[in-house]
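Secondary and tertiary structure notes
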Protein chains: 2
Amino acid sequence: MNSQTNFSTRRSFLKQAGMLSAGFPALGFLSPSDSNFNMDDESIHIIGPKPGYSPQIGTLVSMMAWMRATVLRSVQNMNQSDLDFLFDANSNTIGSLLMHLAATEAYYQLNTFQGFSDDKLPADFEKKWMGANDLGEAARKQIKGHDLKYYVDIMTETREATLAEFKKRDDAWLMKVDPHYFANQPTNNYCKWFHVCEHESNHNGQIKWYAKRIPGRKSGGE
Amino acid sequence: MNSQTNFSTRRSFLKQAGMLSAGFPALGFLSPSDSNFNMDDESIHIIGPKPGYSPQIGTLVSMMAWMRATVLRSVQNMNQSDLDFLFDANSNTIGSLLMHLAATEAYYQLNTFQGFSDDKLPADFEKKWMGANDLGEAARKQIKGHDLKYYVDIMTETREATLAEFKKRDDAWLMKVDPHYFANQPTNNYCKWFHVCEHESNHNGQIKWYAKRIPGRKSGGE
């Protein structure tokens, strides 16, 4: 084991973590007034209770903020052509994946804050989010021609609505169990919202994969 | 809005959640004795404190178990050919991605349980995990020719080591801050282990993408 090996290892792990030593520029990308990034840079990597929320909800909020910053880092500086890039006929554009994240969050707002079940969604919700929710052909037809700000504004607006509702609730609500949800089994609100969070990472893995294959682009994770 | 639209929406959201109504078969795939799945089916979708762990560590453990079950569901029934499938010259096989998840977890064990920094890793660790950690060319050369059990056994063994250490620690340890870690900023152990967890979802998004493109296979998420 020599220093070169060590250096390679260290760089690889930093790359794997999605954060090379140049910093965590997604935070600089958003304005300080965006309420989903209103923690300063120094606290973004501290998962735990946050002021304004009950302890467990605050912990969840800190995870969601960390995850969102990671996704936004993957797409920073992308132009419309990057966001509309379609790798193959069955792929989704990066723009549609960003919209899909917002659609998922909007759905879980309805489900957990308002008690809507999956088969009784409001008509205006279906109209607004169906393409983004379904991805595939519907999204390829409907979601294109936008710049990054368009998507980030929708994601941010949706997140702000989530945070406003979280502020009104407590840890007992977070632990509340829906007797039949995932796989028709008992599922608590924490699990539904943890899914909203990890789901961003799921598609971030695809976003980074596509980003590496956009002709002329070099950035993107493994 | 008609019932067909609603049905389509509901199915789509269940698909998006990675859990069609047939159930959550990854749990059946593992033997009940696997210690990282020793909660019964009825509690897998309950995120929160778990017996044997401090409250916050137990909550993290429940997220890691849920995430792992989701990853294993993506690869269930895959044979060696599926696990060695290489989409293009820059891709990683699904087998190497599974090994990469174990390597990442092994690295964070060293970092958070033993205090190793990224540039001073033990030689035996580098030898064992380097290919899986680096992915790319090293992984394409080294990681192939194995069945699913080979990968799952390594992932499970690695997880068991994590859980054994978690049981010895408390929430104060989970909140302990490394002053310079991600982006050279303060990072607590909860953030490092949340990253280990969401990192599984990141690569699961890629695993499902590859799975859909294995000739002859139909399964896999969007």
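As the structure is a prediction and not an experimental result, all values here were calculated from the model. (Residues numbered from 1 in each chain as written. Chains lettered and ligands numbered in written order. Predicted model: local features only at pLDDT ≥ 70, side-chain atom pairs only at ≥ 80, totals over all residues. Heavy atoms only, no water.)

**Points about the environment of Ser54 of chain B**
All names here are of chain B.
- Within the secondary structure, Ser54 sits in the loop between helix H2 (26–29) and helix H3 (55–75).
- Classification of Ser54 by relative accessible area gives buried; the value is 15%.
- Counting along the chain gives ten residues from Ser54 to Met64, while the straight-line C-alpha distance between them is 15 Å.
- If near-sequence neighbours (up to four positions away) are discounted, Ser54 is found in contact with Arg169, Asp170 and Asp171. (Helix = DSSP H or I, 4+ residues; strand = E, 2+ residues; numbered from the N terminus. Buried < 20%, exposed > 50% of the residue type's maximum accessible area, 1.4 Å probe, protein only. Contact = heavy atoms within 4.5 Å.)

**Here's the deal with the packing of aromatic side chains**
- Applying the stated criterion to the full structure yields 34 aromatic pairs over all chains.
- Taken together, a centroid distance of 6.0 Å and an interplanar angle of 80° make the contact between Trp209 of chain A and Tyr210 of chain B edge-to-face. Remark: Tyr210 of chain B occurs in helix H10 (residues 189–212) and Trp209 of chain A occurs in helix H10 (residues 189–212); the pair is interchain, linking two chains. Tyr210 of chain B matches Trp209 of chain A in its accessibility class, with the two residues each being buried.
- Over the face of the ring belonging to Trp173 of chain A we find Arg169 of chain A, whose NZ or CZ atom lies 5.3 Å from the ring centre.
- Over the aromatic face of Tyr181 of chain B sits the side chain of Lys192 of chain B, whose NZ or CZ is 4.2 Å from the ring centroid. (Phe/Tyr/Trp six-rings, centres within 6.5 Å; stacked < 30°, edge-to-face > 60°. Lys NZ or Arg CZ within 6 Å of the ring centre and 35° of its normal.)

**Describing the environment of Ser91 of chain B**
- The residue Ser91 of chain B is located in the loop between helix H4 (80–83) and helix H5 (94–113) in this model.
- Sequence separation between Ser91 of chain B and Tyr150 of chain B is 59 residues, and the spatial gap between their C-alpha atoms is 21 Å.
- Once you skip the residues sitting within four places of it in the chain, Ser91 of chain B turns out to touch Trp209 and Arg213 of chain A together with Leu86, Arg140 and Tyr210 of chain B.
- Among the polar contacts listed, one links the side chain of Ser91 of chain B to the side chain of Asp88 of chain B, at a separation of 2.8 Å.
- At 3.2 Å, the side chain of Ser91 of chain B forms a polar contact with the side chain of Tyr210 of chain B. (Polar contact = N/O pair within 3.5 Å; in protein donor to acceptor, adjacent residues only side chain to side chain.)

**Some thoughts on the side chain of Gln109 of chain B**
Residues and elements named next belong to chain B.
- Note that Gln109 resides in helix H5.
- One polar contact links Gln109 to Thr162, side chain to side chain, over a distance of 2.7 Å.
- Among residues more than four places away in sequence, those in contact with Gln109 are Gln114, Thr158, Ala161, Thr162 and Trp193.

Geometric values such as these leave the question of function open.
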